[in-house]
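What the coordinates show
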There are 2 protein chains.
Amino acid sequence: MNEPYARLKGRFARIATLGEASAMLGWDASAMMPPGGGAARGEQLAVLAGVAHGLLVAPEMAEDLAAATAEGEWDAANLALMRRAHRRATALPESLVEATARANSACEKVWREARAASDFAAVRPFLETVVALQREAAAALSAATGLTPYDALMDGFQPGIGAADVEPIFTAYEAFLADALPRAEEIQASRPAPVRPQGPFATETQRALGRRLSERVGLDYDHARLDESLHPFCGGTPTDVRITTRYVPESFEQAMLGILHETGHALYERGLPAGWARQPVGEASGMATHESQSLIIEMQASRSDAFLSWLGPELHAAFGGDPAPYAPENLARLWRRVERGFIRTEADELTYPAHVILRFRLEQALIGGDLAVADLPGAWAEGMERLLGITPPDDRRGCLQDIHWHDGAFGYFPSYTLGAMAAAQLMAAARAAVPGLDRALARGDFAPLLGWLRARVHGQGSRLGFQDLMRAATGRPLEAADFMEHLRGRYLA
Amino acid sequence: MNEPYARLKGRFARIATLGEASAMLGWDASAMMPPGGGAARGEQLAVLAGVAHGLLVAPEMAEDLAAATAEGEWDAANLALMRRAHRRATALPESLVEATARANSACEKVWREARAASDFAAVRPFLETVVALQREAAAALSAATGLTPYDALMDGFQPGIGAADVEPIFTAYEAFLADALPRAEEIQASRPAPVRPQGPFATETQRALGRRLSERVGLDYDHARLDESLHPFCGGTPTDVRITTRYVPESFEQAMLGILHETGHALYERGLPAGWARQPVGEASGMATHESQSLIIEMQASRSDAFLSWLGPELHAAFGGDPAPYAPENLARLWRRVERGFIRTEADELTYPAHVILRFRLEQALIGGDLAVADLPGAWAEGMERLLGITPPDDRRGCLQDIHWHDGAFGYFPSYTLGAMAAAQLMAAARAAVPGLDRALARGDFAPLLGWLRARVHGQGSRLGFQDLMRAATGRPLEAADFMEHLRGRYLA
């Protein structure tokens, strides 16, 4: 290992360790912190981010990056990722970084009120500033990376994939959906309506069950915690991962499926290559890959016929009462229900991609300058009408529903659907490679699936780009085919 | 404000903010973290400490400290404290800091086993290394500060007080105790033995009561949390203070009095001058002052006749059962019981100082080179015999009982008793200054006491040294007199 590269490894480990501290403080802010701690926490996170950024853009870093050489596949990938991180960090002038942080924060604050009041006019000037700054950032990142401006933003969330990878997949899905959605609705209408289990469901029972299920999937609580927060998430670090959920007494569905979702994220973090901890190559490979790991647990495995046949009796044993709603076929109808709705986060897996495709098209137009912020509500309504045949009655249920753009996150949305499609493709490959995978799920046993994911995805860290990871694991780059096949099996059969 | 001083304020705020991040991660490590997170947490804290140290010893810092001027009492005190922090940080060569951290950590690890096995021989070589390095550090700090070596260590825990301040006070107390202890025991034997309330006491009830009591004392849970940890403590930051306790079903005494103790610490942090937040002058003035604030709540106020007359019925209302043990006079006998024991942390307020005096004498001899580590068990036994007339049957109940020395903390112990004495002196001054203070406590109302403490202690930050703080608040430097008077009233009347 040559000296510049050895020094770089030390510095990147230091930066990653500061990132771990920030991750823990971020978890605390959502799951533990009393309201009065907010202002100080903001300062703490800002100082940590500033120190880490300072280490990344320091002159010694540039010198060592220029001089370093690395042998072997992992070290070479690691060095390339170091160069990438440095290139992105130095591409943006500090004044732009600061203006962006201020504008995002101001817009996000106004958006919270504007959404509640369904008042797009209130947030519009703030969002215009955010978009203008994002265009500037995209241009600067484009110049530094050689990617198109929009791809340069996407690359910040999922390295190695751009609009050209996504466009044909989304177009294929759009065509599929136009035919599949009415058919799925028709089939659904011809079957008995599902019955909801009757609550109330005690929080303590839900918590104990959620923990037991996540352990069953493979989460080891010597290295994890399960807590509560308003918006569920997975945070923390690979050896100390923190998942959260939210319990409501009327239904256990949200908390339990949410825990399974976050457990998928957590297992990815837990399974990252420990020998490359705190190095860029040892990190998760991006948001689309991360989402594939939560969805393969929540959507592919946990809602499969096989697992539901095990889960139904378990749920009934935990909550008691009438056994009928816990019958696996009822749970399947309940948790695989198709509905055209306005809200992305409430969408089923068949219509969810439509919400993402809409946002993907609109944010490309916003960044490209082809759509003015003022025209967003109209473009949104048109897109919803075209994709799902419904028109939002107000902007609260339209372009005001998501935090992302109002907090400056452009290029993130595709990750959700790329993750869903990758989950289907990975599940198909796992089923083909691992005999008895579904028989194991029918015993509540995730070990065969988890073993395959650890080897093919988690343990790979960021060694491969997104498409190479898919190729190595499934033999093909990402396609929509397996996802559509999965949906056909679940909704059109 | 001249420019170098303005820059210094910015840099010290940054250092303090990193300290806040560390404080939060330290709290998490004790109250929340799963066991598997320990190794990563150690790294996170080490990197944060390293970054903060780097900022403190940077060349720009020395230049600005030399050039800075500050007008006004607070700014002048602030600048002096900045210079003090820089002087102490630069006094120790990095190699010594690293060797000390390694030796302390190794010794502490061995000590945990050695204490359990009462095996002093096992820890002896490790403790010898720790002591040798502490002598070296004391010499370096002495050269930089002009203090004696032992005082230079003490100064790290409670600035502005040294062995010469402590020695006459401790000598006076020793003489007092020789007479007072047997008399207190005699009086106690002549009175009815206290009756213990019968448990079990549900954790939920204890937790709710503990929170209510701490709110009653003045803690605002918009800026605080109450959690559990093996060793109770007060951590966090002034706007987000975190206290912990430990619940056992057999007795509520430990948790409840512990919460009152930590609430005292927490109120000090909450009451620090907000306008000087993140500046040295805005911090707590030292460990002795901090302990005075926990003990004035726990020992002086909460165990007073006045407060017990309010507390007894409250406790009975919470726990139910036989009301007799909750009679205020029974609680007084229960919580003001004198006993010659081996363990410092279990000692009553009359004998506690003897434990501290023993350690104060021994650690001075260890640092001064007048006592070899090998001779510690014998010197300990002799000291206990002389001070309390008892001889520990083994080293587990002797020189192995405390973590402090085995983790490299020399000069800390006096803070406990200085704090107890300061609490008594401050309470006497508060009683004289605030009419109706005890009548308020008899209504469960801490507001008059807290108001006085906020003005005279909390709000002063580190503007004054320990003795000047005492002078300004009570008219005199610290003396043993009020503490002895307090004990006479409680144990000899």
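Residues numbered from 1 in each chain as written. Chains lettered and ligands numbered in written order. Predicted model: local features only at pLDDT ≥ 70, side-chain atom pairs only at ≥ 80, totals over all residues. Heavy atoms only, no water.

1. Concerning the packing of aromatic side chains
Applying the stated criterion across every chain, the model contains 38 aromatic pairs over all chains. Seen in terms of ring centroids, tyrosine 412 of chain B and tyrosine 416 of chain B are 5.3 Å apart; in terms of plane orientation they differ by 55°. Their pairing is tilted. Grouping residues by exposure puts tyrosine 412 of chain B and tyrosine 416 of chain B together as buried. Through a chain of ring-to-ring contacts, the aromatic side chains of Phe157, Tyr352, Trp380, Trp405, Phe410, Tyr412, Phe413 and Tyr416 of chain A assemble into a single cluster. Across from the ring centre of tyrosine 416 of chain A, 4.8 Å away, lies the NZ or CZ of arginine 344 of chain A, which sits over that ring. The ring of phenylalanine 413 of chain B carries the charged tip of arginine 359 of chain B above its face, separated from the ring centre by 5.4 Å. (Phe/Tyr/Trp six-rings, centres within 6.5 Å; stacked < 30°, edge-to-face > 60°. Buried < 20%, exposed > 50% of the residue type's maximum accessible area, 1.4 Å probe, protein only. Lys NZ or Arg CZ within 6 Å of the ring centre and 35° of its normal.)

2. Some details on the relation of the copies chain A and chain B
Screw-axis analysis of chain A against chain B gives a translation of 0.0 Å along the axis, an RMSD of 0.0 Å, and a rotation angle of 179°. On the angle and the small slide along the axis, the relation comes out as a two-fold axis. A share of 100% of the interface residues of chain A reappears at the interface of chain B, consistent with the copies meeting face to face through the same patch. (Least-squares fit on C-alpha atoms with pLDDT ≥ 70 in both. Contact = heavy atoms within 4.5 Å.)

3. Points about the pairing of strand β2 (residues 234-237) of chain A
All names here are of chain A. Of the pairings in the sheet, the one linking β2 to strand β3 (residues 240-245) comprises four bridges and is antiparallel in character. If you follow glycine 236 over to β3, its bridge partner there is valine 241. Where β2 folds back onto β3 in an antiparallel hairpin, the turn is made up of two residues. (Pairing = 2+ DSSP bridges. Helix = DSSP H or I, 4+ residues; strand = E, 2+ residues; numbered from the N terminus.)

4. So, the pattern of salt bridges
Residues and elements named next belong to chain B. In this structure the tally under the stated criterion is 72 salt bridges over all chains. With a closest N to O distance of 2.9 Å, arginine 112 and glutamate 108 form a salt bridge. Of the two residues, arginine 112 and glutamate 108 are both situated in helix α5 (residues 94-117); the distance of four residues between them amounts to about one turn of the helix. Judged by its relative accessible area of 18%, glutamate 108 is buried. Aspartate 482 is the partner of arginine 476 in a salt bridge, and the nearest nitrogen-oxygen pair spans 2.7 Å. Take arginine 476: its relative accessible area is 27%, and that puts it in the partly exposed class. (Salt bridge = Lys/Arg side-chain N within 4 Å of Asp/Glu carboxyl O.)

5. Re the nonpolar core
Formed by 130 residues in total, the largest nonpolar core has its most connected members in Tyr173, Met256, Leu315, Trp335 and Leu449 of chain B. With eleven residues, helix α16 (residues 414-433) of chain B is the single largest residue contributor to this core. No fewer than three residues from each of domain 1 (3-154) and domain 2 (157-493) of chain B sit in this core. Dropping the residues within four chain positions of it, tyrosine 173 of chain B is found in contact with Glu349, Leu350, Pro353, Ile357, Met421, Phe483, Met484 and Leu487 of chain B. Grouped together as the second largest cluster of nonpolar side chains are 129 residues, Phe120, Leu141, Ile367 and Trp452 of chain A included. (Core = buried A, V, L, I, M, F, W, Y, C linked by side-chain atoms within 4.5 Å. Domains from an automatic or database assignment.)

6. Considering the UniProt feature "binding site: Zn(2+)" (unreviewed entry) in chain A
All names here are of chain A. As annotated by UniProt and renumbered to match this structure, "binding site: Zn(2+)" (unreviewed entry) occupies His261, His265 and Glu291. Despite a sequence span of 31 residues, these residues sit close together in the fold, their greatest C-alpha distance being 8.9 Å. Looking at where histidine 261 falls in the secondary structure, it is placed in helix α10 (residues 253-270). Other than its neighbours up to four places away in sequence, histidine 261 contacts Glu291, Ser294, Leu295 and Glu298. (UniProt positions renumbered as here; feature names shortened; annotations may be inferred.)

7. Details of the interface of chain A and chain B
Where the parts come together, the accessible area they lose is often given as the size of the interface. Each side of the interface is counted separately: chain A has 33 residues, and chain B has 33 residues. Between chain A and chain B, the buried area comes to about 2600 Å², and carbon and sulfur atoms account for 62% of it. Ionic pairing is found between arginine 242 of chain B and aspartate 28 of chain A, a salt bridge with its closest N-O pair at 2.9 Å. For the pair chain A and chain B, the number of links is ten residue pairs in polar contact (both at pLDDT 80 or more). (Buried area = accessible area lost by both parts, 1.4 Å probe. Polar contact = N/O pair within 3.5 Å; in protein donor to acceptor, adjacent residues only side chain to side chain.)

8. A few points about the sheet that holds strand β3 (residues 240-245) of chain B
All names here are of chain B. Read from one edge to the other, the open sheet built from three strands follows the order β1-β3-β2, with strand pairing classed as mixed. Looking at strand neighbours, the two that pair on one side only are β1 (224-228) and β2 (234-237), the edges of this open sheet. Going across the sheet, the axis of each strand differs from the next one's by a mean of 20°, ignoring polarity. Across the face of the sheet, helix α10 (residues 253-270) comes into contact with β1, β2 and β3 while running at roughly 165° to β3. (Axes fitted to C-alpha atoms, helices over the stretch in contact; angles between N-to-C directions.)

9. Focus on the UniProt feature "active site" (unreviewed entry) in chain A
Residues and elements named next belong to chain A. On the UniProt side, "active site" (unreviewed entry) is annotated at positions that read Glu262 here. On the basis of relative accessible area, glutamate 262 is assigned to the buried category, the value being 7%. Those residues in contact with glutamate 262, other than ones at most four positions away along the chain, are Pro232, Phe233, Cys234, Ile243 and Thr244.

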